[in-house]
Amino acid sequence: MFFFKRKKSVQNEEVQKKVEFDSSNLPQLIKYVKKYSGVDLSSKTDVLTRRFTTFCKQRDIDSFDELLIMIEKDTSLRQKFMNLLTVNETYFLREEIQLFSTVELLKEGKKRVLSAPCASGEEVFSLAFLAHEAGVSEFDIVGIDLSSKAIDKANESTYSSRSLHKFQKEQVLKYFEALGENYRVKPKYQRGIKFKVCNVFSEEFQNLGEFDAILSRNMMIYFNEKYKLKTIEVFHKLLKPQGRLYVGHADLIPQNQLYKKITKDRLTYYEKI
Ligand SMILES: C[S@@+](CC[C@H](N)C(=O)[O-])C[C@H]1O[C@@H](n2cnc3c(N)ncnc32)[C@H](O)[C@@H]1O
């Protein structure tokens, strides 16, 4: 009887062990994310522990250690994990002055523009709308983002009425068609645009071809100096001679010998040296 009871308590201990989640390896996970994507999560540990623990529990993963091993091997799981931690906040006509400046390049006959990252596509479509307004319809705009969720939305090209707040009513009617309660970009304005899931630190990114301009706004804000530098180095390789890099006003790129900073009134961009 005694023997039997002991066995039961050992079993209970095992169950207990299974239920207790081991989150001790959060620093390693944060390190992995930084190395893979550049995103520096080290200031958000409380919120992350909760979010990552839920992610693991939904998949019967018992520890961050196990999660690390799995995301290194399983690309689909890694993608889901990356979708969880990226901030895809964006809106139409954001920092318009840089979009107008890019349209000027298109008017000069330059054609290739990269939006890295494009999140759910609002930046890319804003550029296309403004280009059409300026009488330019021949262009090749590529939008990439690490988040497959964001790129799925970009490919659906369908947005809520709330996200169209910066447009006049006539512009909404011109660029979009109603789809239930939402609005889809008309096919005419989807021409010359491609979206792709891609990491700026991947080999695939380096093979996207050459561009006249790169818009990289509000991504490097999540990177530390080392990764910001790596990012502008890879952009430098992708830019054509004297190609332009537009960054968000909060991105604050580090000192470097790769670009000349150009400021004209309220417009700032970096020209490839
Ligand atoms: C705040 S959004 C910016 C979108 C748009 N450029 C804008 O300014 O509105 C930041 C995006 O950066 C993407 N991102 C973060 N790290 C990335 C990486 N290593 N490669 C590609 N995209 C990345 C995220 O998925 C997210 O959608």
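Residues numbered from 1 in each chain as written. Predicted model: local features only at pLDDT ≥ 70, side-chain atom pairs only at ≥ 80, totals over all residues. Heavy atoms only, no water.

### Points about the domain arrangement of the chain
Thought 1: Segmenting the chain into domains produces domain 1 (2–85) and domain 2 (96–272).
Thought 2: The distance between the C-alpha centroids of domain 1 and domain 2 comes to 35 Å.
Thought 3: Taken residue by residue, the interface counts 10 residues in domain 1 and 11 residues in domain 2.
Thought 4: The junction of domain 1 with domain 2 conceals about 940 Å² of combined surface from both sides, 53% of it contributed by carbon and sulfur atoms.
Thought 5: Across the domain 1-domain 2 interface, the total number found is zero salt bridges.
Thought 6: Among the elements of the structure, α2 (26–37) and α5 (75–85) are those that each provide at least two residues to the side of domain 1 that touches domain 2.
Thought 7: Broken down by element, the residue count for the side of domain 1 that touches domain 2 peaks at four residues, all from α2. (Domains from an automatic or database assignment. Contact = heavy atoms within 4.5 Å. Buried area = accessible area lost by both parts, 1.4 Å probe. Salt bridge = Lys/Arg side-chain N within 4 Å of Asp/Glu carboxyl O. Helix = DSSP H or I, 4+ residues; strand = E, 2+ residues; numbered from the N terminus.)

### Considerations on the sheet that holds strand β7 (residues 211–216)
Thought 1: Taken together, seven strands build an open sheet; the order of strands is β6-β2-β1-β7-β8-β10-β9 and the sheet is mixed. Each having just a single partner strand, β6 (193–197) and β9 (259–264) make up the two edges of the open sheet. Each adjacent strand pair in this sheet contributes to an overall mean axis angle of 20°, direction not counted.
Thought 2: The sheet contact formed by strand β8 (residues 239–247) and strand β10 (residues 267–272) spans two bridges and is antiparallel. Across the sheet, residue leucine 245 finds its bridge partner in β10, namely tyrosine 270.
Thought 3: Against the sheet, helix α6 (residues 96–107) engages β1 (112–115), β7, β8 and β10, with an angle of about 160° to β8.
Thought 4: Across the sheet, helix α8 (residues 148–156) lies against β2 (140–145) and β6, angled at about 160° from β6, the strand it touches most. (Pairing = 2+ DSSP bridges. Axes fitted to C-alpha atoms, helices over the stretch in contact; angles between N-to-C directions.)

### Let's talk about the pairing of β7
Thought 1: Counting buried positions along β7 yields six of six residues, so the element is predominantly enclosed.
Thought 2: Bridge count for β1 against β7 is three bridges, and the pairing is parallel. Looking at the pairing, serine 115 lines up with leucine 215 of β7.
Thought 3: Note that β7 and β8 share five bridges and pair parallel. Residue pairing across strands places serine 216 opposite valine 247, the latter belonging to β8. (Buried < 20%, exposed > 50% of the residue type's maximum accessible area, 1.4 Å probe, protein only.)

### Topic: the site of the ligand
Thought 1: If you check the shell around the ligand, you find 22 residues, and the closest are Asn88, Thr90, Arg94, Asp145 and Asn218.
Thought 2: Contact between the ligand and asparagine 88: an oxygen atom at 2.8 Å from a side-chain N or O atom of the residue.
Thought 3: Valine 200 places a main-chain nitrogen or oxygen 3.1 Å from a nitrogen atom of the ligand.
Thought 4: For the ligand, whose accessible area on its own is 610 Å², the fraction buried by protein is 99%.
Thought 5: Per-class residue counts for the shell around the ligand are 10 nonpolar, seven polar and five charged. (Near = heavy atom within 4 Å. Polar contact = N/O pair within 3.5 Å; in protein donor to acceptor, adjacent residues only side chain to side chain. Areas by Shrake-Rupley, 256 points an atom, 1.4 Å probe, with all protein chains shown as cover. Nonpolar A, V, L, I, M, F, W, Y, C, P; charged D, E, K, R; others polar.)

### Looking at the sheet that holds strand β4 (residues 176–179)
Thought 1: As summarised here, the arrangement of the three strands in space is β3-β5-β4, forming an open sheet in which the pairing is antiparallel. The strands lining the two open edges of the sheet, one partner per strand, are β3 (158–159) and β4.
Thought 2: For β4 and strand β5 (residues 182–185), the ladder comprises four bridges, and the chain directions are antiparallel. Note that in β5 the partner of alanine 178 across the bridge is tyrosine 183.

### Let's talk about the environment of aspartate 212
Thought 1: By the secondary structure assignment, aspartate 212 is in strand β7.
Thought 2: Setting aside its immediate chain neighbours within four residues, aspartate 212 contacts Leu105, Lys110, Lys111, Arg112, Leu239, Lys240, Gly243 and Arg244.

### Some points on the pattern of salt bridges
Thought 1: Counted according to the given criterion, the structure contains 12 salt bridges.
Thought 2: One salt bridge connects arginine 217 with glutamate 123, and the closest N-O pair in it is separated by 3.0 Å. Residue arginine 217 is located in the loop between β7 and α11 (225–238), and its partner glutamate 123 is located in helix α7 (residues 122–133); the two are separated by 94 residues in the primary sequence.
Thought 3: Given the relative accessible area of 7%, glutamate 123 is considered buried.
Thought 4: Between glutamate 225 and lysine 228 there is a salt bridge, and its shortest N-O distance comes to 3.8 Å. Residue glutamate 225 and its partner lysine 228 are located together in helix α11, separated by three residues, close to a single helical turn.
Thought 5: We classify glutamate 225 as partly exposed; its relative accessible area is 48%.

### A word on the nonpolar core
Thought 1: Residues Leu67, Phe81, Leu114, Phe205 and Phe235 are the most contacted members of the largest nonpolar core, which totals 46 residues.
Thought 2: For this core, the secondary-structure elements that each account for two or more residues are α2, α3 (45–57), α4 (64–73), α5, β2, β7, α11 and β8.
Thought 3: Counting contributing residues, this core receives three or more from each of domain 1 (2–85) and domain 2 (96–272).
Thought 4: Ignoring sequence-local partners within four residues, the contact set of leucine 67 consists of Leu29, Phe55, Cys56, Ile61, Leu77 and Phe81. (Core = buried A, V, L, I, M, F, W, Y, C linked by side-chain atoms within 4.5 Å.)

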